[in-house]
Amino acid sequence: MTTALVTGASAGIGREFCEQLAARGHDLVVVARRAERLEEIKAEIEARHGVKVEVLAADLAVADDLRRVAERVGRRDEPVDVLVNNAGFGVKTSFLDTPVEKEIESVDVMVKAVVVLTHAAAGAMVERRRGTVINVSSVASFMASGTYSAAKSYVTVFSESIAAQLHGTGVTVTALCPGFTHTEFHERGEIPVDKTSPLAKRLWLDVDRLVRDGLADVDAGKVVSVPGRQYKAITGLLRVVPRPLVRSPRLSNRHRPRD
Ligand SMILES: NC(=O)C1=CN([C@@H]2O[C@H](COP(=O)(O)OP(=O)(O)OC[C@H]3O[C@@H](n4cnc5c(N)ncnc54)[C@H](OP(=O)(O)O)[C@@H]3O)[C@@H](O)[C@H]2O)C=CC1
Ligand SMILES: N[C@@H](C=O)C(=O)O
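Since we're looking at a predicted model, the values are computed, not measured.

What counts, and where the lines are drawn
Residues numbered from 1 in each chain as written. Chains lettered and ligands numbered in written order. Predicted model: local features only at pLDDT ≥ 70, side-chain atom pairs only at ≥ 80, totals over all residues. Heavy atoms only, no water. Salt bridge = Lys/Arg side-chain N within 4 Å of Asp/Glu carboxyl O. Helix = DSSP H or I, 4+ residues; strand = E, 2+ residues; numbered from the N terminus. Buried < 20%, exposed > 50% of the residue type's maximum accessible area, 1.4 Å probe, protein only. Near = heavy atom within 4 Å. Areas by Shrake-Rupley, 256 points an atom, 1.4 Å probe, with all protein chains shown as cover. Pairing = 2+ DSSP bridges. Contact = heavy atoms within 4.5 Å. Axes fitted to C-alpha atoms, helices over the stretch in contact; angles between N-to-C directions. UniProt positions renumbered as here; feature names shortened; annotations may be inferred.

**Student:** Tell me what's going on with the pattern of salt bridges, and back it up with residues and numbers.
**Tutor:** Within this structure, the stated rule accounts for 19 salt bridges. For Arg37, the salt bridge goes to Glu184, with nearest N and O atoms at 2.8 Å. With Arg37 in helix α2 (residues 35–49) and Glu184 in the loop between β6 (171–176) and α6 (185–188), the pair connects residues that are 147 residues apart, well separated along the chain. Taking the relative accessible area as the measure of exposure, Arg37 reaches 28% and is therefore partly exposed.

If you want it as structure tokens, here you go:
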């Protein structure tokens, strides 16, 4: 039996990773802050898929909690075969309107935790000569839109770098870059978004399809996965247009409409 550890497992994309990885027969270790939700997910998934689910409640912005998760990821006696670094959040405010503590928390959860857990996982995986790391980044990683975008750029380039360093070891690393996806993300961050216009309906992704396409790309050995034709086109454009256009205030500020 193989085991997958998923961070941010209590909602959205992480919750869906749990569902689909359990359907593939993986036992799970589920990580997030809301322990009650994790217990509900454990009960549901164990009943539906007959796999074992371990609850590991942790706040990845808290150093001691991150250390506990890293220790679990790196255990040799109960190995983690698939690591999904997914936990994350957004804020609606611009840089100077956001308390610096919140900015740092976002870097801790979406950058520091990804580095620490990838390091712990990859060390153990390389010894076994197999393993999979999936880092949930974002289409925003190709943009220039605040600390969030910069954190996700880090995740995409970090994943590409570690994938190259681990080439030939049997361990793969993939950056999954979702575009707008129906989850709790925007409500929790109080980020005003348009989900109903004809354009929005073409843009937004369903979480089950996103994760299915992402896992297919992982199976195919892709290092950067951008599910959805609309986001393949957008990221293709973002990669070739002159960078001054990408960072122009009009484009950068349109990504997240402000109040
Ligand atoms: N939805 C979207 O449009 C997009 C999302 N993404 C990325 O996808 C990932 C998942 O987001 P999504 O599912 O949409 O959002 P949700 O808000 O639905 O889920 C976020 C998850 O992250 C967990 N989390 C947040 N902060 C912490 C923390 N400090 N410690 C541990 N867990 C934490 C939450 O659990 P809890 O609160 O219980 O701790 C929750 O399980 C994020 O990295 C996000 O940046 C990327 C592109 C688009
Ligand atoms: N696409 C979303 C998350 O990355 C967003 O930026 O709102």
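**Student:** How would you sum up the environment of Val116? Please name residues and give values.
**Tutor:** Within the element layout of this structure, Val116 appears in helix α4 (residues 100–128). Residues Val116 and Arg67, spaced 49 residues apart in sequence, show a C-alpha to C-alpha distance of 8.4 Å.

**Student:** How would you summarise the site of ligand 1 if you had to cite specific residues and measurements?
**Tutor:** Taken together, 31 residues lie around ligand 1, and Arg33, Arg34, Tyr148, Thr183 and Arg188 are the ones closest in. Relative to its unbound accessible area of 880 Å², ligand 1 is 98% covered by the protein chains. Contributing elements (two or more residues each) for the shell around ligand 1: α1 (12–23), α5 (146–165) and α6. When residues in the shell around ligand 1 are grouped by element, the largest group, three residues, is from α6.

**Student:** Which residues make up the sheet that holds strand β1 (residues 3–7), and what values go with them?
**Tutor:** Pairing in this open sheet of seven strands is parallel, and the strands run β3-β2-β1-β4-β5-β6-β7 from one edge to the other. Edge positions in the sheet fall to β3 (53–57) and β7 (224–225), since each has one partner strand and no second. The pairing of β6 with β7 spans two bridges and is parallel. Within β7, the residue paired with Leu176 across the bridge is Ser225. Its contacts with the sheet place helix α3 (residues 63–73) against β1, β2 (27–32), β3 and β4 (82–85), and it is angled at close to 155° to β3. Across the face of the sheet, helix α8 (residues 207–219) comes into contact with β5 (131–136), β6 and β7 while running at roughly 140° to β5.

**Student:** Account for the side chain of Asp81, naming residues and giving values.
**Tutor:** Along the chain, Asp81 falls in the loop between α3 and β4. The exposure class assigned to Asp81 is buried, which follows from its relative accessible area of 6%. Setting aside its immediate chain neighbours within four residues, Asp81 contacts Thr2, Thr3, Met125, Arg128, Arg130, Gly131 and Thr132.

**Student:** Give a detailed account of the UniProt feature "domain: Ketoreductase" (unreviewed entry) in the chain, specifying residues and quantitative values.
**Tutor:** Mapped onto the present numbering, the UniProt feature "domain: Ketoreductase" (unreviewed entry) falls at residues 2–183. Overall, residues 2–183 shows 48% helix and 18% strand. The separation of its end C-alpha atoms is 27 Å.

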